[in-house]
There are 4 protein chains.
Amino acid sequence: MENTMKAARIHSLGSPLELENVPLPTLGDEDVLIEVKAVHVAQYHTAAMLRTEHSLNIYPPTFPAILGMGGAGNISQIGSNVNGFQEGERVVINPILTCGTCEYCMDNRPGLCDMWVLHGYYALYKPNGVPLLENYPGGFAQYVKVPARNVVRIHDNIPYEQAARFNYTGISYEALKNGGFRPGMTVLINGSTGVLGTEGVLLSLAMGAAKVIATGRNRERLAKIKELNPERVFTILLGEESIVPSIKEFTDGKGVHLYLDTMGSVAGQESPIQSVHDCLDGLKKGGTAVFIGSMQNHDVKYNYEYYIGNAIKIMGSVWYNNQSLSELVNMAAAGTLKLSNYDTKTFSLEHVNEAFDFADQRTGGLNNIIVKP
Amino acid sequence: MENTMKAARIHSLGSPLELENVPLPTLGDEDVLIEVKAVHVAQYHTAAMLRTEHSLNIYPPTFPAILGMGGAGNISQIGSNVNGFQEGERVVINPILTCGTCEYCMDNRPGLCDMWVLHGYYALYKPNGVPLLENYPGGFAQYVKVPARNVVRIHDNIPYEQAARFNYTGISYEALKNGGFRPGMTVLINGSTGVLGTEGVLLSLAMGAAKVIATGRNRERLAKIKELNPERVFTILLGEESIVPSIKEFTDGKGVHLYLDTMGSVAGQESPIQSVHDCLDGLKKGGTAVFIGSMQNHDVKYNYEYYIGNAIKIMGSVWYNNQSLSELVNMAAAGTLKLSNYDTKTFSLEHVNEAFDFADQRTGGLNNIIVKP
Amino acid sequence: MENTMKAARIHSLGSPLELENVPLPTLGDEDVLIEVKAVHVAQYHTAAMLRTEHSLNIYPPTFPAILGMGGAGNISQIGSNVNGFQEGERVVINPILTCGTCEYCMDNRPGLCDMWVLHGYYALYKPNGVPLLENYPGGFAQYVKVPARNVVRIHDNIPYEQAARFNYTGISYEALKNGGFRPGMTVLINGSTGVLGTEGVLLSLAMGAAKVIATGRNRERLAKIKELNPERVFTILLGEESIVPSIKEFTDGKGVHLYLDTMGSVAGQESPIQSVHDCLDGLKKGGTAVFIGSMQNHDVKYNYEYYIGNAIKIMGSVWYNNQSLSELVNMAAAGTLKLSNYDTKTFSLEHVNEAFDFADQRTGGLNNIIVKP
Amino acid sequence: MENTMKAARIHSLGSPLELENVPLPTLGDEDVLIEVKAVHVAQYHTAAMLRTEHSLNIYPPTFPAILGMGGAGNISQIGSNVNGFQEGERVVINPILTCGTCEYCMDNRPGLCDMWVLHGYYALYKPNGVPLLENYPGGFAQYVKVPARNVVRIHDNIPYEQAARFNYTGISYEALKNGGFRPGMTVLINGSTGVLGTEGVLLSLAMGAAKVIATGRNRERLAKIKELNPERVFTILLGEESIVPSIKEFTDGKGVHLYLDTMGSVAGQESPIQSVHDCLDGLKKGGTAVFIGSMQNHDVKYNYEYYIGNAIKIMGSVWYNNQSLSELVNMAAAGTLKLSNYDTKTFSLEHVNEAFDFADQRTGGLNNIIVKP
């Protein structure tokens, strides 16, 4: 192995990435080195990272820095205290870096750790985890170093390009689990044409939802969501069709068991908070809402008496642990989770900035934007 | 058995009850007749029922009507199709009457049934269940008829006066269960000096809470709550002590696992909704809030991003099923649930109106107001 | 409505049923009358009921008696105290009759009630429930009376012939739920070619199992089970293929998450208990076995240390409640549970004895034997 | 800090430990060094380790080796990649060492990891984890090195001597959780006078069990268990009192909700397997048995039909994760788990062999045998 590798680094906020030769990462005792085969580019966080206009309260690593959240590839080198991995194994990274010792880490809830950061991106809200970011540069490189406990094996029948996408699928999966998803339920996905929303639809179908009600703002994209399973997917075109009456129509007037909200504010568009309030009114008695979208500075309002009288539960869900990632991988390998529905757009490491440009167009959750070193 | 009995009936809203001789109830195939020994008078609903000023959207039975929610006593007569009960058995009534066949009844969630009414009181929000109210007059009488499936046996060491009170204890118990209570948790009870709040404290102690943080507006009553277990109960005097800093102080800065809100609006007092918002800010990451109080026309507001970032769950809980009532009875019989903490105020059926007057004074949850025919 | 109806009655154990005119049932306050459209004939219990050779410790109703477990049809008449049903509604019966008031009934676990009997058949182990059998004659008749709480609505797109079969599907469904089934698991069904086993396969597929490993003694029937989903179903031909090595081969050496045993002793064949012990050895660490078959006088043996070292759970599951039946109905209506896989064999009420003869041939779980009055 | 420390090492199986000066452990990136204040000596495993007669299939580290399972003390030094700990913090060790990356480690179930070993003792059944044993010598030393993820903070009001004992308490706690313990249950502890059994009694009381039925072979020790809570603890003296009739007597004929078996074979005594079979017959319908004792070469037998008819669940539980250990610590700090019931026997490191001699006398679970360096 050479001592250097190619990597795409950012030198200042807002500037494009530059392809450079950098030293190979040095492994700690518990780390593994992965030869990167594919990294997924999300349509939301990239914008937040690279462009000047965003409202997120983020803390990046010191520049220059290698970006790229997680990734899929092959184990290339193993730290001295790592057990259970072999060189050459195919793996995917869970890109949440945490302290590993706090009460939430002990409880397998990494998204609640005070130090958590998104590998290859930033710390959110507070800078505690910036040292983790700096110790573990991102995946836009030939090789990436992560703690062995952030790595999950993938089956031979799962392409790297699809595995890389699990970094987002995991969020939707954990949310459905947290919300008490059970086969036979009717699930509402608000924002089904975005990445998290599309995953929510695919997962609900894979896990035996009776019906999936999917909202979206774009007629064409929503039609593609419908095509995923015309018998079980029902759509609501936001702005044209009213949410509550449509839900009632699809559910014999009863409402949905589970509502997954994946909506995000988009600069220059009207806030989606009204759709959240409408969707809450579409919950069946005893129903549950789970939030995983991104909406800064918005309060969710729900009547105190309705909470009680309808036994409603509203909750947030944050990231996912390796157990969930591993379950996802199993569903993909079994074919119940249909990865073939994705339209994968591949960019080489040299063209990583074009991948970002493409992501900025927010072309919808069925597009899987991948950078391949 | 005589063909008539004494009962306290109401003839119009706002008028006092009148003691009268009325015919004994006629049993349906599935009903039991109970010789009433004690009926609990709640400090909240009575006011709503008997006084003219209230904001509840209630539907009473046709007047004259026998009031009295549930009650404890002895089985006196058994319907032709009832199995499993013997004359003379000591029992307590679960005072929620339901259709018995809808999807929620099938799922043992009576409080979600579209027909549910509170036995001896009223239908809430919609009139569907008024026929149930009229078929099953209340407990302020020598005898009361209820469906056998609304009845739970009580042990010999549980006095009728304490068993009657379970009609409210059940609400707090179901809420703690729904909220995921586990031994070792720290529990916050907002409104601990009311009936539901006091039950919440006693139940949390019985079930092994590490700490109970109890709020209240009345210094003396709150001091009595503290005395229930000075080592494990911590108090916050509303209006004098700030909620969030106090919670942080009692929890090493971390917040509570579970927050049970039992607050009710009181005419002429400031709305307690601010205390709800403060208590929500006292939740630990991953924590849960459960509402069982009564606050008309108030929205609970909680930030969309906080839901996610802190993995917060907010929910309502409504009433309880017989399984929960039966578990309560077991805890009381075992002595883990300390009923001896109650100060029981007993009124004869002749003095039922005085019981209401006393209840209207809202003297606090450690008072157990009982009518004995 | 006439005062009489046609019904198939048994006059003594071992004798054929006779088609007779009998009085219409008289409704109790809580009962409904159903115009019967289809009754499922199980391949196991019928033999036990009608033939002289069986080892079950059963208590039949007084003869003559109308047989027929549950059934599907239309609500025809409604008891005076029944809420929530309308004449003409399409329904299916949950054929377990219980006391309705004991601690297990309160907990929605009807199969643990001391009085439970199978409607239209018998009491098992003890005679407590024989009065229920006699009050509620079986479904081989133009009309059948059952308590309203034993009835669940069915959607218009579910044929009566398929709904009637749910009386057995419910057993497998409840068992999978009790065993902690989750989408993505690998499930082993021992005895997949029988009625309960076939249901186990169909349900596991509907609910998103990654793999289903199905055993059976009959090569042709097992091949049909494989055809239900060639990618996800893997078969083991008992007597020819070894259980443990096959399981290991299908699971990368790890074993199964969940094992559902539906095996029954068959007179004249070798006991299937050895297959149970083999299947237990095919459990993954942390795995669960659930028994719902029928094997008299057989002990299951499992090593004390293996229980601990492998964190194994072995359990039994008995019948199902209406909530589960209702969930089943939803999955069938949604099409995730594929009822079209059944080969329905229909017999008129006049030919009910031929239905039994056919059932005695034990032709496999994909045959759905139906009697239509 | 010196470069050497005192430690008690074993040089060959069966020989006494020798107090020696050895080098301080060298920390890996993810390790912490703890100044040892107390190490608990179990009454079972020590015998297995040091004496020649035992039937366990164990793999010790290469000799000489430092023994001592886990321990409590102060953080003294911190590995370069450790987050979240400070020097001087008071902590307790979870003494199960694992690979940290397998599917079971990802699911927070360390006892199922293929590499798991007991720190300071041995690998069981297979030698995979021996390298972990050798990398992490035991706690009978002035300092001990363990991975940071094996360490949990303890409150100031928990003495080291009591915290060290949690290494066993955790086993009983995890088992009660796995078995579905809920406040208000009646719990049976078979073998209540041993270490795990006594913990089971104390934990059940702390968490609000209605009744605890405790068996034991020694009259005096069993009397002390009764004294822990005379109102809620009921005892059965094995050999003199029959198990099933006694359980029925204590439970109104119904049996127990949850049965925790902690029995161990003792050389020269009759096998306790018969008591296990009797206790299984003392389960209530729907009840659960959890095994955590030690009985080599014994099959548990339970009738196939009884599993179903009584909806019985039998399971094993193995070790515990840090989340459970952390919950335990909270209950001890709160005082619900009464540590003051222990009679602590303290031995200095110089007298460690006397601690073993004392442990070999198997003086009962209320004795807490502690070595203090």
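The rules behind each value
- Residues numbered from 1 in each chain as written.
- Chains lettered and ligands numbered in written order.
- Predicted model: local features only at pLDDT ≥ 70, side-chain atom pairs only at ≥ 80, totals over all residues.
- Heavy atoms only, no water.
- Helix = DSSP H or I, 4+ residues; strand = E, 2+ residues; numbered from the N terminus.
- Rg over C-alpha atoms; globule rule 2.2 N^0.38 Å.
- Buried < 20%, exposed > 50% of the residue type's maximum accessible area, 1.4 Å probe, protein only.
- Contact = heavy atoms within 4.5 Å.
- Areas by Shrake-Rupley, 256 points an atom, 1.4 Å probe, with all protein chains shown as cover.
- Core = buried A, V, L, I, M, F, W, Y, C linked by side-chain atoms within 4.5 Å.
- Pairing = 2+ DSSP bridges.
- Axes fitted to C-alpha atoms, helices over the stretch in contact; angles between N-to-C directions.
- Salt bridge = Lys/Arg side-chain N within 4 Å of Asp/Glu carboxyl O.

J.: How should the overall build of chain A be read in this particular structure?
T.: The secondary structure content of chain A amounts to eleven helices and 21 strands. Taken against the 2.2 N^0.38 rule, which gives 21 Å for 373 residues, the C-alpha radius of gyration of chain A at 20 Å falls within 12% of a compact globule. C-alpha extents for chain A along the principal axes are approximately 65 × 40 × 40 Å. The buried share among the 373 residues of chain A stands at 66%. Of the contacts made within chain A by residues no fewer than 6 positions apart, 71% connect residues no fewer than 24 positions apart. Carbon together with sulfur atoms contributes 45% to the accessible area of chain A, which is approximately 12,700 Å² in total.

J.: Is there a simple way to explain the nonpolar core in this structure?
T.: Grouped burial of nonpolar side chains is what soluble globular proteins tend to show. Formed by 284 residues in total, the largest nonpolar core has its most connected members in A:F140, A:Y259, A:F291, B:F140, B:Y259 and B:F291. Among all residues touching A:F140, those that are not within four sequence positions of it are A:A7, A:A8, A:L17, A:V39, A:V41, A:I66, A:L67, A:G68, A:L349, A:V352, A:F356 and A:V371. With 282 residues, the next largest nonpolar core counts D:M69, D:M207, D:L258 and D:I369 among its residues.

J.: Hey, could you run me through the pairing of strand β7 (residues 90-93) of chain D in this one?
T.: The two faces of a sheet get side chains in turn, since along a regular strand they alternate between them. All names here are of chain D. Residues of β7 alternate between two faces, with R90 and V92 on one and V91 and I93 on the opposite face, all of them buried. As judged from the three bridges shared by strand β6 (residues 72-78) and β7, these two strands associate in the antiparallel manner. By the bridge assignment, A72 is partnered in β7 with V92. Judged from the three bridges that link them, β7 and strand β12 (residues 151-153) form a sheet pairing that is antiparallel. What sits directly across from I93, in β12, is V151.

J.: I would appreciate a short explanation of the sheet that holds strand β14 (residues 211-216) of chain B in the present structure.
T.: To summarise the sheet geometry, strands pair through backbone hydrogen bonds and adopt either a parallel or an antiparallel arrangement. Spatial ordering of the open sheet is given by β15(A)-β14(A)-β13(A)-β16(A)-β17(A)-β19(A)-β19(B)-β17(B)-β16(B)-β13(B)-β14(B)-β15(B), a layout of twelve strands whose pairing is mixed. Strand pairing shows two members of the sheet lacking a second neighbour, β15 (233-237) of chain A together with β15 (233-237) of chain B, which therefore form its edges. Each strand axis lies, on average, 15 degrees off the axis of its neighbour in the sheet, ignoring direction. With three bridges joining them, strand β19 (residues 313-316) of chain A and strand β19 (residues 313-316) of chain B adopt antiparallel strand pairing. Within the sheet, the bridge partner assigned to A:K313 lies in β19(B) and is B:M315. Along the sheet face, helix α7 (residues 243-250) of chain A touches β13 (186-190), β14 (211-216), β15 and β16 (256-261) of chain A and points at about 165 degrees away from the line of β15(A).

J.: Would you mind going over the pattern of salt bridges with me for this structure?
T.: Pairs can form between side chains of opposite charge once their charged atoms are near each other. What the rule picks out here adds up to 56 salt bridges over all chains. Between C:E327 and A:R182 there is a salt bridge, and its shortest N-O distance comes to 3.1 Å. Placement of the pair is C:E327 in helix α10 (residues 322-334) and A:R182 in the loop between α4 (160-178) and β13, with the two residues belonging to separate chains. Residue classification places A:R182 among the partly exposed positions, given a relative accessible area of 36%. One salt-bridge network, in which partners are shared between bridges, spans A:E103, B:K254 and B:K284.

J.: Sorry, what's going on with unusual backbone geometry here?
T.: A negative phi angle is the norm for most residues apart from glycine, just as the trans form is the norm for most peptide bonds. C:P64 follows C:F63 through a cis peptide bond whose omega is -5 degrees. Within the secondary structure layout, C:P64 lies in the loop between β4 (58-59) and β5 (65-66). Positive phi, close to 65 degrees, is recorded for A:N108, a residue that is not glycine. By the element assignment, A:N108 lies in the loop between α2 (103-106) and β9 (117-118). Of the residues examined, A:N108 reaches a relative accessible area of 18% and is grouped as buried. The backbone of D:W319 shows a phi angle near 50 degrees, a positive value even though the residue is not glycine. Here D:W319 lies in the loop between β19 (313-316) and α10 (322-334). D:W319 sits in the buried class, given a relative accessible area of 6%.

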